Amino acid sequence: MPAVDKLLLEEALQDSPQVPLAALASLARGGENLEAPPSPGFMTRSLLSVFEEDAGTLTDYTNQLLQAMQRVYGAQNEMCLATQQLSKQLLAYEKQNFALGKGDEEVISTLHHFSKVVDELNILHTELTKQLADTMVLHIIQFREKDLTEVSTLKDLFGLASNEHDLSMAKYSRLPKKKENEKVKAEVVKEVAAARRKQHLSSLQYYCALNALQFRKRIAMMEPMMGFARGQINFFKKGAEMFSKRMDSLLSSAADMVQSIQVELEAEAEKMRVSQQELLSVDESVYTPDSDVAAPQINRNLIQKAGYLNLRTKTGLVTTTWERLYFFTQGGNLMCQPRGAVAGGLIQDLDNCSVMAVDCEDRRYCFQITTPNGKSGIILQAESRKENDEWICAINNISRQIYLTDNPEAVAIKLNQTALEAVTPITSFGRKQEPVCPSQNLKNSELENDKVVPRVTASIPEAEQLIAPGTPIQFDIVLPATEFLDQNRGSRRINPFGETEDETFPEAEDSLLQQMFIVRFLGSMAVKTDSTTEVIYEAMRQVLAARAIHNIFRMTESHLMVTSQTLRLIDPQTQVTRANFELTSITQFAAHQENKRLVGFVIRIPESTGEASLSTYIFESNSEGEKICYAINLGKEIIEVQKDPEALAQLMLSIPLTNDGKFVLLNDQPDDTDGSSRENRGAESEA
């Protein structure tokens, strides 16, 4: 006998739609190659659809077989009525008033004998009809009404439980990220767990019925024919002993086969019963989403990942929908496979893509995949924090094309270990530097200024004293020009980042200082102190390390305008001011001595509580960062000497001026030869 295909009860809770193509091919050949039990990944929704298709085919065939058997039974029953009618008609011949009745006595006597023969034959036909009804038609009717109806009913219950689970998951996915009602959250989580348990129970019952159906259908096919054969043998036994002897061996073999299948069914039913009890005795955390939110065990070395995610899809200009689909990675591609589909479709090429967690529509555990050219890709939502972090790590590993190496697991472990070492707190970049503010340590003789006051730090503080551990980093506080224009086309809006038209800053025309630099924003984060430039070095280290870990290469290019009152970030395409900082609010500024293009400053902003918030902003400049520091320092000096006309005059005499009376500063062109081309590339650039 061929090996019996069966649904694995252990896979019922996973509810995955995948199935290996080799398995489908084997099923198409009738399971001739399935000599061993299926692997754990074999039991899927797609395999379930194969069993459901098999059950549907069996139902159609059973109905057709029943019609054929009922036709045989009807014909046999008609034969009984016909022979009975024939016997009566033969006896009725005697009562007929024939005008010419010569020789009727012999005919009548002969017909009486025929009538007795037909009556005896009618008795045999009646017995055969009863045997066909009890041993052939009844068995197939019971199989259809009991087994097939049970499978159909369990299928409907399974579908209702699945829909109820999907609705509860959709309700759970809509839980707000912030200011959420803990009581509501607890009720929703309890509802999800109950729905998931109900779905698990219904799926187990449904799978057991489908597995048992594979045994019962063979019994149901053979038992009616055994009854038909026995009835025919009994019918012809008096005149067909030879025929009866030839059928005895076949009937004996069929009876042994039925007995063997019955024994297998009982053993398999016992195994399924025990397995069902074990699977239902698991901990409640199996049904509860995000059960380990406090300390999830995250595997950061994954090079492939699969599971259900919510996909965000735009349905209009401002409306979106979220659809729960099954996603999996295959090589360097992200695939999506709906339930019931044989294979998945390509969603995103992950090579050289970047991924990062995002806030989206007040939903938790969202992340966005960005294409290599900087365009926003798809936004997905995971079920839990663990799933969210593992998806981000897996996509990061795949985007580095680790899967193409000989030993991708070892490479992933090595790269992630290196990244963890990169973010291990150290004092700062400035450990090996002189404790002098970079803005005072200029190499160019044009930068020498006796009024620059060095800021010497007595001791270098620890990283925890400068920046709180776990402080989030913002990688893009300014919008790209194209996105800004799209959001403001046809109407004017208030920008949360303070973007305004340049004409709202009339002091730029009257400022004694105007200097433009081409910069790219790297990141910003809150800090604990502004008493030392070491906080800027530590922020540089953490921002660059975070970008390396998360594969974030996209940066927004801006023009940094330094005046004697403000420091402004201007969009190079639209000339819209993206951000504006008062020079008086800049308490620290420094450039890195090793990477001379890195520059940063600390902003102190008073709050309504009476305290002040401190934030560090890190940029990469086309020119030396020391030049930006020098311009900021000169602007702050102008603010101070403007209170004293004599000091202002002395300062103006000490520094060369342009024809329009503004200060002549350092050349703001980049040190490399392609600086002029960079300025024309637009607002978006790649590191």
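Residues numbered from 1 in each chain as written. Predicted model: local features only at pLDDT ≥ 70, side-chain atom pairs only at ≥ 80, totals over all residues. Heavy atoms only, no water.

Draft legend 1. Representation of the packing of helix H2 (residues 45-92) against helix H4 (residues 182-236) in the model. Where H2 contacts H4, the axes come no closer than 11 Å and their chain directions differ by 30°. Considering the angle they form, H2 stands roughly parallel to H4. H2 and H4 meet at a crossing whose hand is left-handed. Between H2 and H4, the contacting residues are Arg45, Leu48, Phe51, Glu52, Asp54, Ala55, Leu58, Tyr61, Thr62, Leu65, Met69 and Val72 on the first element and Gln199, Tyr206, Tyr207, Leu210, Asn211, Leu213, Gln214, Lys217, Met221, Pro224, Met225 and Phe228 on the second. Within the contact of H2 with H4, the residues separate by chemical class into 16 nonpolar, four polar and four charged. (Axes fitted to C-alpha atoms, helices over the stretch in contact; angles between N-to-C directions. Helix = DSSP H or I, 4+ residues; strand = E, 2+ residues; numbered from the N terminus. Parallel < 35°, antiparallel > 145°, perpendicular 65-115°, else oblique. Left-handed = near helix turned anticlockwise from the far one by under 90°. Contact = heavy atoms within 4.5 Å. Nonpolar A, V, L, I, M, F, W, Y, C, P; charged D, E, K, R; others polar.)

Draft legend 2. Looking closely at unusual backbone geometry. Here the phi dihedral of asparagine 352 falls at roughly 65°; this positive angle occurs in a residue that is not glycine. Following the sequence through the fold, asparagine 352 ends up in the loop between strand E4 (345-349) and strand E5 (354-360). With relative accessibility at 48%, the residue asparagine 352 sits in the partly exposed group. Phi is positive for glutamine 401, close to 60°, though the residue is something other than glycine. Its location among the elements puts glutamine 401 in the loop between helix H6 (385-399) and helix H7 (408-422). (Buried < 20%, exposed > 50% of the residue type's maximum accessible area, 1.4 Å probe, protein only.)

Draft legend 3. Broad picture of the state of the cysteines. All told, the structure shown has zero disulfides when counted by the stated rule. With no disulfide of its own, cysteine 360 lies closest to cysteine 366 among cysteine sulfurs, the gap being 5.2 Å. A residue is classified by how much of its surface remains accessible, and cysteine 360, at 7% relative accessible area, is buried. (Disulfide = S-S within 2.5 Å.)

Draft legend 4. Region of the structure containing empty space enclosed by the protein. Applying the stated criterion across every chain yields a total of three cavities of 30 Å³ or more. Around the largest cavity sit 13 residues that line it, and Ser173, Asn310, Gln381, Ala382 and Glu383 are the ones nearest its centre. Among the elements of the structure, helix H3 (104-173), strand E1 (306-314) and strand E6 (363-370) are those that each provide at least two residues to the lining of the largest cavity. For the lining of the largest cavity, the per-class residue count stands at seven nonpolar, three polar and three charged. (1 Å grid on protein atoms, 1.4 Å probe; cavity = no way out; pocket = protein on both sides within 12 Å on 5 of 7 lines; lining within 4 Å. Points joined across faces, edges and corners; volume = space filled by probe spheres on them.)

Draft legend 5. Structural context of the pattern of salt bridges. Summed over all chains, the structure comprises 20 salt bridges. With a closest N to O distance of 3.0 Å, arginine 144 and glutamate 145 form a salt bridge. What emerges from the salt-bridge pattern is a single network uniting Asp166, Arg196, Arg324, Arg339 and Glu383. (Salt bridge = Lys/Arg side-chain N within 4 Å of Asp/Glu carboxyl O.)

Draft legend 6. Structural detail: helix H12 (residues 625-641). Taking 1.5 Å per residue as the helical rise, H12 with its 17 residues ought to reach 24 Å, and the 25 Å between its terminal C-alpha atoms agrees with that figure. Of all 17 residues in H12, 15 are buried, a share of seventy percent or more. (Expected span 1.5 Å × (residues − 1).)

Draft legend 7. Quick peek at the nonpolar core. Judged by nonpolar contacts, the single largest core of 32 residues is most densely connected at Tyr206, Tyr207 and Leu210. Among the elements that take part in this core, H3 stands out by supplying ten residues, more than any other. In contact with tyrosine 206, other than residues within four places in its own chain, are Leu48, Glu52, Val151, Leu154, Lys155 and Phe158. (Core = buried A, V, L, I, M, F, W, Y, C linked by side-chain atoms within 4.5 Å.)

Draft legend 8. Here's a closer look at the packing of aromatic side chains. Scanning the model with the defined rule gives eleven aromatic pairs in all. Note on phenylalanine 158 and tyrosine 206: the rings are 5.5 Å apart at their centroids and 35° apart in plane angle, and the pair reads as tilted. Highlighted residues: phenylalanine 158 in helix H3 and tyrosine 206 in helix H4, separated in sequence by 48 residues. Taking relative accessible area as the criterion, phenylalanine 158 reaches 4% and is therefore assigned buried. When its relative accessible area of 1% is taken as the criterion, tyrosine 206 is described as buried. For the pair phenylalanine 521 and phenylalanine 619, a centre-to-centre distance of 5.5 Å together with 65° between the ring planes defines the contact as edge-to-face. Pair noted here: phenylalanine 521 is in strand E9 (residues 514-526) and phenylalanine 619 is in strand E15 (residues 612-621), with a separation of 98 residues, a long-range link. Exposure class is identical for phenylalanine 521 and phenylalanine 619. Each is buried. Three or more aromatic residues link up through ring pairs in this structure, and these residues are Phe521, Phe581, Phe601, Tyr617 and Phe619. Positioned over the ring face of tyrosine 308 is arginine 324, at 4.4 Å from the centre of the ring. (Phe/Tyr/Trp six-rings, centres within 6.5 Å; stacked < 30°, edge-to-face > 60°. Lys NZ or Arg CZ within 6 Å of the ring centre and 35° of its normal.)

So far we have only geometry, and geometry alone does not tell us how the molecule works.
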